[in-house]
Amino acid sequence: VQLQASGGGLVQAGDSLRLSCAASGRTFSTYIMGWFRQAPGKEREFVAGISGSGGTTDYADSVKGRFTISRDNAKNTVYLQMNNLKPEDTAVYYCAGRLGAVVTRALRYDYWGQGTQVTVSS
């Protein structure tokens, strides 16, 4: 599966952004999808994950209550709605896919998008 992330930008603290990740292929609904982010000098970290049906989600503690992951299998797209953004959310955001269960380790995801930059100014 090929993934294309979009929707990043430069915003101020407290603003919102919605990231999108469009996937190719006819079996999108079988894939677990995740969002990760990587800030300069830091390791890539899990942000959110969602099951194939959308019925199960998981979030990093740092984004719980502010970010929402969702998917539209008819459109082969997964979203990350980011509210109340903070400067520490600044990073390149990546979408990723795998088969199986929602997991938080980046190494266990097989497919990656190219990343989209999110910059939050204070």
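Residues numbered from 1 in each chain as written. Predicted model: local features only at pLDDT ≥ 70, side-chain atom pairs only at ≥ 80, totals over all residues. Heavy atoms only, no water.

### Side note on the overall build of the protein
Here is step 1: Across its full length, the protein carries zero helices and eleven strands.
Here is step 2: Written out in order from the N terminus, the α and β elements of the protein read β-β-β-β-β-β-β-β-β-β-β.
Here is step 3: Computed over C-alpha atoms, the radius of gyration of the protein comes to 13 Å, within 12% of the 14 Å expected from 2.2 N^0.38 for 122 residues, which places it in the range of a compact globule.
Here is step 4: Structurally, the protein occupies a C-alpha span of about 40 × 25 × 25 Å along its principal axes.
Here is step 5: The buried share among the 122 residues of the protein stands at 43%.
Here is step 6: Sequence separation of 24 or more characterises 57% of the internal contacts of the protein that already satisfy a separation of 6 or more.
Here is step 7: Summed over its atoms, the accessible surface of the protein is roughly 6200 Å², and 45% of this surface lies on carbon and sulfur atoms.
Here is step 8: Side chains of the protein carry 13 positive and 9 negative charges; the gap between the two charge centres is 6 Å. (Helix = DSSP H or I, 4+ residues; strand = E, 2+ residues; numbered from the N terminus. Rg over C-alpha atoms; globule rule 2.2 N^0.38 Å. Buried < 20%, exposed > 50% of the residue type's maximum accessible area, 1.4 Å probe, protein only. Contact = heavy atoms within 4.5 Å. Areas by Shrake-Rupley, 256 points an atom, 1.4 Å probe, with all protein chains shown as cover. Lys, Arg positive; Asp, Glu negative; His and termini not counted. Charge placed at Lys NZ, Arg CZ, Asp CG, Glu CD.)

### A short note on the packing of aromatic side chains
Here is step 1: According to the stated counting rule, one finds six aromatic pairs in the structure shown.
Here is step 2: Taken together, the ring pairs connect Phe-36, Phe-46, Tyr-94, Tyr-109 and Trp-112 into an aromatic cluster.
Here is step 3: The ring of Phe-28 has Arg-71 sitting right over it, with the charged end atom 4.4 Å from the ring centre.
Here is step 4: When the ring centre of Tyr-109 is taken as reference, the NZ or CZ atom of Arg-98 above it lies at 5.9 Å. (Phe/Tyr/Trp six-rings, centres within 6.5 Å; stacked < 30°, edge-to-face > 60°. Lys NZ or Arg CZ within 6 Å of the ring centre and 35° of its normal.)

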